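Close look at the chain arrangement
Below are the chains, spelled out letter by letter.
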Amino acid sequence: GGVGAASGGFLCDWFGRKFSIMFTDVMFGLGAFLLYTAETVESVMVGRCVVGWAVAVSGIADVVYLHEISSVWGEGEVAYEGDEAWTEEDQAVSAVANGDDEDRN
């Protein structure tokens, strides 16, 4: 994560934020493939490092890009909606993973 955060600003400045976001999408896919095909602990760690790097760079590039493409009046709203969607997704995944059922007492 730290390497991605340190290299994310450079990558965004050098190649542009739009390219950086698309590149991190490819890296997410590569990392997911590596994790899916992993047969050893070492290969799992490599996949996790690739995905971690992509998350760190994406965290830098996405926020700045969202602020650039949004209007002056809706700038904070765009970032807030994205954060809210992540929170709702995390809660849904947690509920499914933990087997939570609202009908259960």
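In every chain, residue numbers begin from 1 and rise along the written sequence. In keeping with the model being predicted, local features are shown solely for residues with a pLDDT of at least 70 and side-chain atom pairs are shown and tallied solely at 80 or more, while totals for entire chains, interfaces and linings include all residues. Processing note: side-chain calculations cover all non-hydrogen atoms of the structure and skip hydrogens and water entirely.

1. Topic: the packing of helix H1 (residues 2-15) against helix H3 (residues 41-69)
- Fitted lines through C-alpha atoms give the axes, limited to the stretch in contact for helices. The angle between two N-to-C directions lies from 0 to 180 degrees. Think of it this way: any DSSP run of H or I at least four residues long counts as a helix, any run of E at least two long counts as a strand, and we number them from the N terminus. Contact geometry of H1 with H3 gives a least axis separation of 8 Å together with a crossing angle of 45°. Here H1 is positioned oblique relative to H3, judged by the angle of their axes. In this structure, H1 meets H3 at a crossing whose hand is right-handed. Contact residues: H1 offers Val3, Gly4, Ala5, Ser7, Gly8, Gly9, Leu11 and Cys12, while H3 offers Trp53, Ala56, Val57, Ile60 and Ala61.
- Polarity classes work like this: nonpolar for Ala, Val, Leu, Ile, Met, Phe, Trp, Tyr, Cys and Pro, charged for Asp, Glu, Lys and Arg, and polar for all others, with Gly in that last group. Here the contact of H1 with H3 is built from residues that sort into 9 nonpolar, 4 polar and no charged. Any angle from 65 to 115 degrees is called roughly perpendicular, while one under 35 is roughly parallel, one over 145 is roughly antiparallel, and all others are oblique. Here a crossing is called left-handed whenever its near helix is offset anticlockwise from the far helix by less than a right angle, and right-handed whenever the offset is clockwise. Note on contacts: a residue pair qualifies if any of its non-hydrogen atoms lie within 4.5 Å across the two residues.

2. Examining a nonpolar patch on the surface
- In this analysis, a patch consists of residues with relative accessible area above 30% that form no salt bridge, clustered at 9 Å for like charges and at 5 Å for the nonpolar side chains Val, Leu, Ile, Met, Phe, Trp and Tyr. Reported accessibility uses the Shrake-Rupley method at a 1.4 Å probe radius. Residues are deemed covered only where the shown protein chains occlude them. Salt bridges are defined by distance alone: a side-chain nitrogen of Lys or Arg within 4 Å of a carboxyl oxygen of Asp or Glu. Nonpolar side chains collect at one region of the surface, where Phe10, Trp14, Phe15, Phe19, Met22 and Phe23 lie side by side and expose about 680 Å² of accessible area between them.
- One can find Trp14 in helix H1.

3. Looking at the packing of aromatic side chains
- The pairing test for Phe, Tyr and Trp rings, Trp by its six-membered ring, is centres within 6.5 Å, and the orientation test on the planes gives stacked under 30 degrees, edge-to-face over 60, and tilted for anything in between. Taken as a whole and judged by the stated rule, the model has 4 aromatic pairs.
- A centroid spacing of 5.7 Å and a plane angle of 20° characterise the contact between Phe10 and Trp14, whose relative ring orientation is stacked. In this pair, Phe10 and Trp14 both sit in helix H1, 4 residues apart, roughly one turn of the helix.
- Only protein chains enter the calculation, and the probe is 1.4 Å; a residue is then buried if its accessible area is under 20% of its type maximum, exposed if over 50%, and partly exposed in between. Classification of Phe10 by relative accessible area gives exposed; the value is 53%.
- Centre to centre, the rings of Phe15 and Phe19 are 5.4 Å apart; their planes meet at 45°, and the pair counts as tilted.

4. Topic: the nonpolar core
- Core analysis: the largest hydrophobic core is formed by 6 residues, namely Leu11, Met27, Val50, Trp53, Ala54 and Val57.
- The element best represented in this core is H3, accounting for 4 residues.
- Every residue in contact with Leu11, bar those within four places of it in the chain, is listed here: Gly16, Ser20, Phe23, Trp53 and Val57. Put simply, a nonpolar core is a bunch of buried Ala, Val, Leu, Ile, Met, Phe, Trp, Tyr and Cys residues held in one set by side-chain atoms that sit within 4.5 Å of each other.

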